[in-house]
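# Architecture at a glance
Chain by chain, the residues run as shown.
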Amino acid sequence: MSFLAPGAGTSPVTCGGLRSRAVRLLQQDMQQVDFGVRRFRLRSGPARKRLEDSGRAFLEGFNHSVYARNTDALGTALDSLPEGFRGFAFEGAGMGCALLDLLTLSHGRRVRELLEGPGADYPHLIHVGAGWAFGRLRLRPWLGLRAGEPLLHWLAWDGFGFYQGFFDSDRVVAGQRVERGLDPAQRAVRDQGLGRCLWFHECAEPEALGLRVAEFPPWRRADLWSGIGLAAVYAGGDDQDELRALVEAAGDHRAHLAQGAAFACAARLRARTPLPEHCGTAAVALTGVPAQTAADWTHTALVSLGPAPRSGDHYRQWRTGIRRLWADHHASDPSDGATRQPVEGSPTTDTETAAPRSRRSR
């Protein structure tokens, strides 16, 4: 896969002194996503290239968002990218726009214009991308941005968790660290994002993913598997045999794996571009139904929340509703054997944070 040169048609020389310096400071080097540089798992086969290309598309979207003089120009640049990787580019653009909004105190103007303009078909990805910006600035989402659908604001915590796992993997992946002060809803979605990152960190290798998740406290594993399911369908990288092995590795958390997969189906189909073959294959393997049916579960569960859902409890209910629909289809219990978080004072592998005191968001 070949990528366009970020900022094609826009020369920093013509941008004016301050803007030119800002562009040079913010633009990102594509080598950041090389798995060797990141010290991620390296393995033979197509998975590594597919996942690294996804990262490159993200960075290209980010760089275009920095170069572009307006939202229309940004949309034109992103629409020129290959359809299968375009969502990652919009995710990167979401990060770039949110970063600029936070740095210039513009109250989310750029993110809002992106969501209401060329990114209208990619709201999930743009909200996730905004979470990367908060991670970059060491801020908690959603302070300072007023844009997008209130319930999807929670996806910024997903992007926040992915960013931490990607750029601070020694502490966040190997050390299982989580920052202090997160409420159960924030932590749950943050760990979903970390689970997505584990898909890249372990180069989509099912056995390695199972072993990695097993290192985390039991009360965090369900959310991690939710993120893994999302990445397995959206990003791809596994063949049929590996997908079957992934389901087996998820064990008691298969409902959460399926719930994340359903989210990925909804995001892919919202884009109205042809569904990549790997998405359809993975959707069936992880949910037991075609991608459109899995996506419909997310809509049905959302409608059941009533008008204008926005709270962390609403987001938790949304996820639970998707798992319940999966369970109804398979005639199994919606909790699917998910473990509960420890009570106060229980030992965890996280020496920096005590276990949450209330029930884990499910």
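Residues numbered from 1 in each chain as written. Predicted model: local features only at pLDDT ≥ 70, side-chain atom pairs only at ≥ 80, totals over all residues. Heavy atoms only, no water.

### Here's the deal with the overall build of the protein chain
Basically, it comes down to this: Secondary structure is summarised from DSSP: a helix means a run of H or I of at least four residues, a strand means a run of E of at least two, and numbering begins at the N terminus for each. A 1.4 Å probe rolled over the protein chains alone gives each residue an accessible area, and that area as a share of the maximum for its type sets the label: buried under 20%, exposed over 50%, partly exposed in between. Note on contacts: a residue pair qualifies if any of its non-hydrogen atoms lie within 4.5 Å across the two residues.
On a plain count of helices and strands, the protein chain comes out with 17 helices and zero strands. Counting all 362 residues of the protein chain, 58% fall into the buried class. Counting contacts in the protein chain only where the partners sit at least 6 residues apart, residues at least 24 apart contribute 75% of the total.

### As for empty space enclosed by the protein
Using a probe with the size of a water molecule, rolled over the atoms, empty space left in the structure can be pinpointed. Note the threshold: With a 1 Å grid spanning the protein atoms alone, the term cavity applies to any set of points in which a 1.4 Å probe fits but cannot get out, the term pocket to an open set with protein on both sides within 12 Å along at least five of seven lines, and the term lining residue to any residue with an atom within 4 Å of a point. Grid points are joined across faces, edges and corners, and a volume is the space filled by probe spheres set on the points. Each residue is assigned to one of three groups, with Ala, Val, Leu, Ile, Met, Phe, Trp, Tyr, Cys and Pro labelled nonpolar, Asp, Glu, Lys and Arg labelled charged, and all others, Gly among them, labelled polar.
Applying the stated criterion across every chain, the model contains three cavities of 30 Å³ or more. By volume, the largest cavity is sized at about 200 Å³. Looking at the largest cavity, it is lined by 16 residues, and the ones nearest its centre are Leu125, Val128, Arg196, Leu230 and Tyr234. For the lining of the largest cavity, the secondary-structure elements that each account for two or more residues are α5 (83-104), α7 (123-137), α10 (184-201), α12 (218-234) and α14 (254-270). Residue classes in the lining of the largest cavity are distributed as 13 nonpolar, one polar and two charged. Empty space within the second largest cavity amounts to approximately 150 Å³. Taken together, 16 residues make up the lining of the second largest cavity; nearest its centre are Gly55, Phe58, Trp132, Phe162 and Phe166. Of all the secondary structure elements, the ones that give two or more residues to the lining of the second largest cavity are α3 (47-67), α5, α8 (155-167) and α10.

### Observations concerning the environment of Asp79
Structurally, Asp79 can be placed in helix α4 (residues 71-79). Residue class for Asp79 comes out partly exposed when judged on its relative accessible area of 42%. Sequence separation of Asp79 and Phe90 is 11 residues, and the distance between their C-alpha atoms is 9.4 Å. Aside from chain neighbours lying at most four places away, what touches Asp79 is Arg86 and Phe90.

### Here's the deal with the nonpolar core
Applicable threshold: For our purposes a nonpolar core is just a set of buried Ala, Val, Leu, Ile, Met, Phe, Trp, Tyr and Cys residues, chained together by side-chain atoms within 4.5 Å.
Counting residues in each nonpolar core, the largest one holds 106 residues, and the members touching the most others are Trp199, Leu246, Leu286 and Trp318. Of all the elements, α5 adds the most residues to this core, at 11 residues. Excluding anything up to four places from it in sequence, Trp199 contacts Leu51, Ala204, Leu209, Ile228, Ala231, Ala232, Ala235, Gly236, Asp238 and Leu246.

### Considerations on the packing of aromatic side chains
We apply this condition: Between 30 and 60 degrees the pair is tilted, below 30 it is stacked and above 60 it is edge-to-face, where a pair is any two Phe, Tyr or Trp rings, Trp via its six-membered ring, whose centres lie within 6.5 Å.
By the definition in use, this model includes 18 aromatic pairs. With 5.7 Å between their ring centres and 90° between their planes, Tyr315 and Trp318 make a pair best called edge-to-face. Here Tyr315 pairs with Trp318, and both are found in helix α17 (residues 312-330), just three residues apart, close to one helical turn. You can call Tyr315 buried: its relative accessible area is 2%.

### Some remarks on helix α11 (residues 206-214)
The following threshold applies: Pairing of N or O atoms within 3.5 Å defines a polar contact, subject to two protein rules: one partner must be a possible hydrogen donor and the other a possible acceptor, and residues neighboring in sequence count only if both atoms are side-chain atoms.
Listed as buried for α11 are Pro206, Ala208, Leu209, Gly210, Arg212 and Val213. For α11, the secondary structure elements touched by its buried residues are α9 (169-174), α10, α12 and α13 (240-250). Where α11 starts, the residue carrying a side-chain oxygen 3.2 Å from the main-chain nitrogen of Glu207 turns out to be Glu205.

### Some details on the packing of α11 against α12
Here is the rule: Between N-to-C directions, angles span 0 to 180 degrees; the directions come from axes that are lines fitted to C-alpha atoms, helices contributing only their stretch in contact. Relative orientations are named as follows: roughly parallel for angles under 35 degrees, roughly antiparallel for angles over 145 degrees, roughly perpendicular for angles from 65 to 115 degrees, and oblique for any other angle. Here a crossing is called left-handed whenever its near helix is offset anticlockwise from the far helix by less than a right angle, and right-handed whenever the offset is clockwise.
Running from N to C, α11 and α12 cross one another at 150°; their axes reach a closest spacing of 10 Å. As the angle between them shows, α11 and α12 are arranged roughly antiparallel. Seen along the crossing, α11 lies across α12 with a hand that is right-handed. Between α11 and α12, the contacting residues are Leu209, Gly210, Val213 and Ala214 on the first element and Arg221, Leu224, Trp225 and Ile228 on the second. The class makeup of the residues in the contact of α11 with α12 is six nonpolar, one polar and one charged.

### Considerations on α14
Here is the rule we go by: The length a helix should cover is 1.5 Å for every residue beyond the first.
When the terminal C-alpha atoms of α14 are compared, their 24 Å separation across 17 residues agrees well with the 24 Å that a helix rising 1.5 Å per residue should span. With 14 of 17 residues buried, α14 lies mostly within the body of the structure. Taken from the residues just after α14, Arg272 is the one with a positive phi, measuring 60°.

### Comments concerning the packing of α14 against α17
Packing of α14 against α17 brings their axes to within 9 Å, and their N-to-C directions diverge by 105°. With respect to α17, the element α14 is oriented roughly perpendicular. Residues Arg254, Ala255, His256, Ala258, Gln259, Ala262 and Phe263 of α14 touch α17, and the partners they reach there are Tyr315, Trp318, Arg319, Ile322, Arg323 and Trp326. When the residues that make up the contact of α14 with α17 are grouped by side-chain class, the tally is eight nonpolar, two polar and three charged.

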